[in-house]
Amino acid sequence: MSQRTPLYDNHVRAGARMVDFAGWEMPVQYAGILAEHEAVRTRVGLFDVSHMGEVVFRGPKALEALGRAFTNDVARTADGQAQYGCLCRDSGGIVDDVVVYRRGAQDLLVCVNAANRQKDFEWLAGHAGGADVRNESDDWAQLAVQGPLAAQLLQRLTKVNLSALKTYRFSQGEVAGVPCLVARTGYTGEDGFELFCPPDRASKLWDTLLDAGQPEKIAPCGLGARDSLRLEMAYRLYGSDMDDTTTPLEAGLAWVVKLDKGEFVGRDALVRQKEQGLARKLVGFVLTEKGIPRHGYRVLQDGTPVGTVTSGTLSPSVDLPVGLAYVPPALAAEGSTFSVEIRGRAAAAKVVKTPFYTRKP
Amino acid sequence: MAMEFPDDLKYTRDHEWARSKGTRIVVGITAFAQDQLGDIVYVELPDVGDAVKRGESFGVVESTKAVSELFAPITGKVVEVNDPLSDAPETINEDPYEEGWMIAVEPSDPKELQELMDAKAYRAFVEEQE
């Protein structure tokens, strides 16, 4: 019972290979993952991310209510600013990682992962605290334009002054005549924009971007490249790197947890965990021997299983096998060595600083 | 898509091909398999001298996203391995039937080859998959 975004026909027409992702029929690749990955790193790529969900908090209680359900400090954002953070359970376990787009103190749009559309809406509605909380997922399509040439392409199609739009800021305007929320956000590590638009305008906007982007040699990009790009940046992927049983502190997301901002769901558990010390930490590593680490492969120390790989690939941009893994804190420091068990063989690995890839200046 | 399945080869349901070459049988994966995998970035093959058993895994081929096992079409001993593939795994995508060959096997039972599909049967099998 797969769902389709408004861009399904566009993908099929472009020769995409479609797969099921979280109950959605999505393009995994068009020309190929490596070509698409390179397009985003060197030119510009176009992604359909309409499967993601949107939950909106409105009313005089909106800011306060969302603040109690979110680990980051949305009260410190300005109108027109976006902020990344987590929704946590009382246990401190992560419900989802989300981006909040503050249109106003009484109007906040929460962008949630596709797999968690219903789960997050129900959870947020259950923590509404007097705010008007609505599931607007069906009211939005979303396109991501990512790469060093994204701004120059997009500026030709919009009057929104993109050079004045800083990272994690957004503006409402028109792109090729389509009303959009234009956000300088993304999941690739390159400069780029996420465009939230009405679903019935999305297909035309997609075609317009592909056409207008010909001088930049724009490439349609699928979920395959989306994953290799984010992994090179060590951006976490809910479902792979964290779930209800992991806390943001364990997942290396302490930077979006503001324990001092006031009460929020999970705060007490996280404070306790911080005081007691973590039992495991998510780290970035490279293999120093042949092989490719994959989700579920065991981390070994002197032959003993001590952790697990949560994401891994052969990084196209740095040409090394890279991954993220939960390890005991004693193995979390940069330079620590361990092995990754690959089909019965122990492949040597080393903890490195992340991101694995640095954007060209 | 008019994909190539050479007439002189035999094929398995796991999308490997086998070619008789004197006393040896050369093994690789088909054009359909490499297309399904996408860009191949890694390959793991057995060593010369290793035993392979029909229907059992003899290695893996990996794309950016996924790991795919390789299944032996016949039983025997590995006598040659295409070593250059480990530095240039994309050869399998570019030329799956010639330069992309993987292992050569001394078969313990040459009759096993006859139990595999011919090109026509394999093409029909592939068309069913799509």
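One structure accompanies this document, and this report is about it. Just so it is clear, the structure is predicted and the values come from calculations on it, not from any experiment. (Residues numbered from 1 in each chain as written. Chains lettered and ligands numbered in written order. Predicted model: local features only at pLDDT ≥ 70, side-chain atom pairs only at ≥ 80, totals over all residues.)

### A look at the overall build of chain A
Stage number 1. On a plain count of helices and strands, chain A comes out with eight helices and 19 strands.
Stage number 2. Computed over C-alpha atoms, the radius of gyration of chain A comes to 20 Å, within 12% of the 21 Å expected from 2.2 N^0.38 for 361 residues, which places it in the range of a compact globule.
Stage number 3. Put simply, of all contacts in chain A between residues at least 6 apart along the chain, 66% involve residues at least 24 apart. (Helix = DSSP H or I, 4+ residues; strand = E, 2+ residues; numbered from the N terminus. Rg over C-alpha atoms; globule rule 2.2 N^0.38 Å. Contact = placed C-beta atoms within 7 Å.)

### Observations regarding the nonpolar core
Across soluble globular proteins, you tend to see nonpolar side chains buried next to one another.
Stage number 1. Residues Leu66, Leu108, Leu143 and Val145 of chain A are the most contacted members of the largest nonpolar core, which totals 107 residues.
Stage number 2. Those residues in contact with Leu143 of chain A that lie beyond four places of it in its chain are Leu46, Phe47, Asp48, Leu195, Ala202, Leu205, Trp206 and Leu209 of chain A.
Stage number 3. Counting residues in each nonpolar core, the second largest holds 35 residues, with Ile29, Ile40, Val61 and Ile103 of chain B among its members. (Core = buried A, V, L, I, M, F, W, Y, C linked by C-beta atoms within 7 Å. Buried ≥ 20, exposed ≤ 12 C-beta atoms within 10 Å, placed from the backbone.)

### Details of the sheet that holds strand S2 (residues 16-21) of chain B
Stage number 1. The strand order across the open sheet built from six strands is S1-S2-S3-S9-S8-S5 (chain B), with neighbouring strands paired in antiparallel fashion. Of all strands in the sheet, those bounded by a partner on one side alone are strand S1 (10-11) and strand S5 (51-52) of chain B. (Pairing = 2+ DSSP bridges.)

### Some thoughts on the interface of chain A and chain B
Often, the extent of an interface is quoted as the loss of accessible area upon association of its parts.
Stage number 1. Between chain A and chain B, the residue contacts involve twelve residues of the former and eight residues of the latter.
Stage number 2. Of all the elements in the fold, those that place two or more residues in the side of chain A that touches chain B are helix H2 (33-42), helix H7 (223-232) and strand S16 (304-315) of chain A.
Stage number 3. Broken down by element, the residue count for the side of chain A that touches chain B peaks at three residues, all from H7 of chain A.

### Considerations on the sheet that holds strand S7 (residues 67-71) of chain B
Residue and element names in this part refer to chain B.
Stage number 1. Taken in spatial order, the three strands line up as S4-S6-S7 in an open sheet, and their pairing is antiparallel. Strands at the two margins of the open sheet, each flanked by one partner only, are strand S4 (40-44) and S7. Adjacent strand axes in the sheet meet at a mean angle of 25° when their direction is disregarded.
Stage number 2. Where S4 lies against strand S6 (residues 57-63), four bridges are found, and the strand directions are antiparallel. Across the sheet, the residue bridging to Ile40 is Ser63, located in S6. (Axes fitted to C-alpha atoms, helices over the stretch in contact; angles between N-to-C directions.)

### Let's talk about helix H3 (residues 62-69) of chain A
Counting along an α-helix, one turn takes 3.6 residues, and residues three or four places apart therefore face a common direction.
Residue and element names in this part refer to chain A.
Stage number 1. Judged by how many residues are buried, H3 sits mostly within the fold: six of eight residues are covered.
Stage number 2. Taken together, the buried positions of H3 are Ala62, Leu63, Ala65, Leu66, Gly67 and Ala69.
Stage number 3. Where H3 is buried, its residues touch strand S4 (53-58), strand S5 (81-88), strand S6 (94-104), strand S7 (107-112) and helix H4 (117-126).

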